[in-house]
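So the chains spell out like this:
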Amino acid sequence: MKRRSDEEISAPLYEYDAAVRAQYGCFAGVDEAGRGPLCGPVCCAAVILNPDDPIEGVNDSKKLTEKRRDALYEEITKRALAYKIIFISPQEIDERNILWATMDGMAQAVAGLEITPDYVLIDGNRCPPGLIQPAEAVVKGDANSASIAAVRVSVSGSFGATSRVAWASSYAGPY
């Protein structure tokens, strides 16, 4: 069986994004990482990809090796038109609850972009209420949209399992 090229893998995700861009103009993909574990911060991010400079190999992060995610993270942060990463502290999560702290983090990530998008695609089943632009929740968005897949790689790259272990280890010293 022939292995598909990075371009073949990414093409359907970029086609999805092209349709969104044709309808709404400039848009951002948004996702989070870190909601599953019972400790530590949550990372929320937003990215606006350059439609004239597609990043080959962007795909659902669960289908990528850690090495490939790391390489793509470098490409995304260098070549995206804009990206913003926000960390939500455990204290804020405890005060507000995980859902609303994450929703606020997503809104902060979009608001912090250097380019204001006309539209926002959120990975998941609900949109943050604090957005100033129209938004759409996309279930399994990282398997459908290059922008959501890229932002997922960004949050995984900036705060993946290795970073979480380092964070937890910093608290383990006294114990």
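Further up the page is the structure itself.
Throughout, a residue's number is its position along its own chain's written sequence, starting from 1. Residue-level local features of this predicted model are given only where pLDDT is at least 70; pairs of side-chain atoms are given and counted only at 80 or more, and the full residue set underlies all totals for whole chains, interfaces and linings. Only heavy atoms go into the side-chain values, all of them from the structure, while hydrogens and water stay out.

Re the overall build of the chain
Line of reasoning, step 1. A run of DSSP states H or I qualifies as a helix once it reaches four residues; a run of E qualifies as a strand once it reaches two. Both are numbered from the N-terminal end. Across its full length, the chain carries six helices and five strands.
Line of reasoning, step 2. If you list the helices and strands of the chain from N to C, you get α-β-β-α-β-α-α-β-β-α-α.
Line of reasoning, step 3. Residue exposure (1.4 Å probe, protein chains only): buried if accessible area is under 20% of the type maximum, exposed if over 50%, otherwise partly exposed. Looking at the chain as a whole, 45% of its 175 residues qualify as buried.
Line of reasoning, step 4. Residue-level accessible areas treat just the shown protein chains as cover; the underlying method is Shrake-Rupley with a 1.4 Å probe. Here the chain has roughly 9,200 Å² of accessible surface; of this, 52% comes from carbon and sulfur atoms.

A look at the sheet that holds strand 4 (residues 119-123)
Line of reasoning, step 1. DSSP-based pairing: two strands are paired if at least 2 bridges between them are found. One open sheet accounts for five strands, arranged 3-2-1-4-5; its pairing is mixed. Here the strands that pair on one side only, and so sit at the sheet edges, are strand 3 (82-88) and strand 5 (135-138). Strand after strand, the sheet turns through a mean of 20° between neighbouring axes, direction not considered.
Line of reasoning, step 2. Note that strand 4 and strand 5 share four bridges and pair parallel. Within the sheet, the bridge partner assigned to L121 lies in strand 5 and is E136.
Line of reasoning, step 3. Each of strand 1 (27-33), strand 2 (42-48), strand 3 and strand 4 touches helix 4 (residues 98-111); the most contacted strand, strand 2, lies at about 30° to it. Fitting a line to C-alpha atoms yields each axis, with helices limited to the stretch in contact; the angle taken between N-to-C directions then spans 0 to 180 degrees. Throughout, a contact is declared for two residues whenever any of their heavy atoms are within 4.5 Å.

Some thoughts on the environment of M103
Line of reasoning, step 1. Position of M103 relative to the elements: it lies in helix 4.
Line of reasoning, step 2. Taking relative accessible area as the criterion, M103 reaches 4% and is therefore assigned buried.
Line of reasoning, step 3. In sequence terms M103 and C44 are 59 residues apart; their C-alpha atoms lie 8.8 Å from each other.

Structural notes on the packing of aromatic side chains
Line of reasoning, step 1. Stacked, edge-to-face and tilted labels apply to pairs of Phe, Tyr and Trp rings (six-membered ring for Trp) whose centres lie within 6.5 Å, assigned for plane angles under 30 degrees, over 60, and everything in between, in that order. Under the criterion given, the structure shown has one aromatic pair.
Line of reasoning, step 2. Judged by centre distance (3.6 Å) and plane angle (5°), the ring pair of Y24 and Y119 falls under stacked. Here the residue Y24 occupies a position in helix 1 (residues 6-24), and Y119 occupies one in strand 4, the gap between them amounting to 95 residues.
Line of reasoning, step 3. On the basis of relative accessible area, Y119 is assigned to the buried category, the value being 5%.

Brief notes about the pattern of salt bridges
Line of reasoning, step 1. A pair is scored as a salt bridge if a Lys or Arg side-chain nitrogen falls within 4 Å of a carboxyl oxygen belonging to Asp or Glu. Counted by the stated rule, this structure contains five salt bridges.
Line of reasoning, step 2. A salt bridge links R79 to E75; the shortest N-O distance between them is 2.7 Å. Taken together, the residues span about one helical turn, with R79 and E75 both in helix 2 (residues 66-79) at a distance of four residues.
Line of reasoning, step 3. Judged by its relative accessible area of 29%, E75 is partly exposed.
Line of reasoning, step 4. In this structure, E92 and R96 form a salt bridge, with 3.3 Å as the shortest nitrogen-oxygen distance. You can see E92 and its partner R96 sitting in helix 3 (residues 90-96), four residues apart, about one turn around the helix.
Line of reasoning, step 5. Residues joined in a network through salt bridges with shared partners are D53, E75 and R79.

Section: the environment of K63
Line of reasoning, step 1. Mapped onto the fold, K63 is located in the loop between strand 2 and helix 2.
Line of reasoning, step 2. Along the primary structure K63 and A143 are separated by 80 residues, whereas in three dimensions their C-alpha atoms are 9.4 Å apart.

What about the pairing of strand 4?
Line of reasoning, step 1. Here strand 4 lies mainly inside the structure; five of its five residues are buried.
Line of reasoning, step 2. On strand 4, burial covers both faces: Y119, L121 and D123 on one face and V120 and I122 on the other are all buried.

Points about the pairing of strand 1
Line of reasoning, step 1. Buried residues dominate strand 1, accounting for seven of its seven residues.
Line of reasoning, step 2. On strand 1, burial covers both faces: F27, G29, D31 and A33 on one face and A28, V30 and E32 on the other are all buried.
Line of reasoning, step 3. Two strands pair when backbone bridges link them, and strand 1 and strand 4 are joined in this way by four bridges, in the parallel orientation. Looking across to strand 4, one finds that G29 is bridged to L121.
Line of reasoning, step 4. In terms of strand pairing, strand 1 meets strand 2 through five bridges, oriented antiparallel. Opposite G29, over in strand 2, you have V47 as the bridge partner.

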